[in-house]
Amino acid sequence: MSLDDLQQQPLVETERFDLRPVQQSDIGLLEHYAGDERVAQMTPTIPHPLPPGAVAAMIDRVTDAERDEDVWVMDATKVGGAEVMGAITLKRMDRNQSEVGYWVAPLFWNTGLASQAVEALIAANPMQNDTIFASVFQDNPASARVLVNCGFEYIGDAEAFCVSRNAKIPTWTYLKKLT
């Protein structure tokens, strides 16, 4: 993949919201939502409490030309909705694969937002991947349902370290073949 390919992160549009690249102006809302312990505990990488500067550092990392991960925010301002409702990521892996991750702000839980975001990102396939992986903590069956509803297949159990819980947590791993 060329450096030019890495610099281009597309806008992904749906009727309900856009997935747009994360930007510096998102810091406040991302800190507010990602700082919620319920959100942090369902992700491997978000610490709780959220340290000062953590979101700004993440934005710097994922907007760098040599990043290995793209991050989009779920933005519904085009329909009069919230500017940040959650985030979805694609982390580059080898052999034309990536791993999707997502979180939704508690205010928007149980609204179908995560499923629609995952579906839209897969349909856009911005990295032109052959396969996309995902894993969810086993105590988060709602996220597992999102993946199954989006056509992912369960491939096995594993575990991942959760920073906010300071522990290894059992996970379910999924994949979706795109070619």
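Keep in mind the model is a prediction, meaning the values are calculated, not measured.

Our next topic: the overall build of the protein. Tallying secondary structure elements over the protein gives six helices and eight strands in all. For the protein, the sequential pattern of α-helices and β-strands runs α-β-β-α-α-α-β-β-β-α-β-α-β-β. The C-alpha radius of gyration of the protein comes to 15 Å, within 12% of the 16 Å expected for a compact globule of 179 residues. Viewed in the frame of its principal axes, the protein has a C-alpha envelope of about 40 × 35 × 30 Å. The buried share among the 179 residues of the protein stands at 45%.

Attention shifts here to the packing of aromatic side chains. Here the distance between the centres and the angle between the planes together describe a pair of aromatic rings. Under the definition given, this model contains two aromatic pairs. Taking the centre distance of 6.4 Å and the plane angle of 75° together, the rings of Tyr 33 and Phe 108 count as edge-to-face. Taken together, the residues Tyr 33 in helix H2 (residues 27-34) and Phe 108 in the loop between strand S5 (97-104) and helix H5 (113-124) connect sequence positions 75 residues apart. Pair check on accessibility: Tyr 33 and Phe 108 agree, each one buried. For the pair Tyr 154 and Tyr 174, a centre-to-centre distance of 5.9 Å together with 70° between the ring planes defines the contact as edge-to-face. With Tyr 154 in strand S7 (residues 153-162) and Tyr 174 in strand S8 (residues 167-177), this pair connects stretches of sequence that are 20 residues apart. Assessed through its relative accessible area of 45%, Tyr 154 is described here as partly exposed. Between the NZ or CZ atom of Arg 165 and the centre of the ring of Phe 137, over which it lies, the distance is 5.1 Å.

Within the open sheet, the eight strands sit side by side as S1-S2-S3-S4-S5-S6-S8-S7. Their pairing is mixed. Of all strands in the sheet, those bounded by a partner on one side alone are strand S1 (12-13) and S7. Helix H6 (residues 141-149) rests against S5, strand S6 (131-137) and S8 of the sheet, and its axis sits at about 10° to S8.

Right, let's talk about the confidence of the model for the protein for a bit. Detail in the predicted coordinates should be disregarded across regions flagged by low pLDDT. Averaged over the protein, the pLDDT score is 95; the fraction of residues at 70 or greater is 96%. Residue range residues 1-6 is modelled with pLDDT below 50. Its contacts to residues more than four positions away, or to other chains, number nine contacts.

Inspection of the secondary structure puts Thr 131 in strand S6. By relative accessible area, Thr 131 is classed as buried at 7%. Put simply, Thr 131 and Gln 97 are 34 residues apart on the chain and 4.9 Å apart in space, counted from C-alpha to C-alpha. Once residues lying within four places of it in the same chain are set aside, the contact partners of Thr 131 are Asn 96, Gln 97, Ser 98, Leu 175, Lys 176 and Lys 177.

A few words now on the pairing of S8. The sheet contact formed by S6 and S8 spans seven bridges and is antiparallel. Bridging from a neighbouring strand, Ser 135 pairs with Thr 173 of S8. Where S7 and S8 come together, nine bridges link them in antiparallel fashion. The partner of Cys 162 across the bridge, within S8, is Ala 167. In textbook terms, the turn of a hairpin is the stretch between consecutive antiparallel strands, and for S7 and S8 this stretch comprises four residues, one of which, Asn 166, has a positive phi near 55°.

Cut-offs used in this document
- Residues numbered from 1 in each chain as written.
- Predicted model: local features only at pLDDT ≥ 70, side-chain atom pairs only at ≥ 80, totals over all residues.
- Heavy atoms only, no water.
- Helix = DSSP H or I, 4+ residues; strand = E, 2+ residues; numbered from the N terminus.
- Rg over C-alpha atoms; globule rule 2.2 N^0.38 Å.
- Buried < 20%, exposed > 50% of the residue type's maximum accessible area, 1.4 Å probe, protein only.
- Phe/Tyr/Trp six-rings, centres within 6.5 Å; stacked < 30°, edge-to-face > 60°.
- Lys NZ or Arg CZ within 6 Å of the ring centre and 35° of its normal.
- Pairing = 2+ DSSP bridges.
- Contact = heavy atoms within 4.5 Å.
- Axes fitted to C-alpha atoms, helices over the stretch in contact; angles between N-to-C directions.
- pLDDT = per-residue confidence, 0-100.

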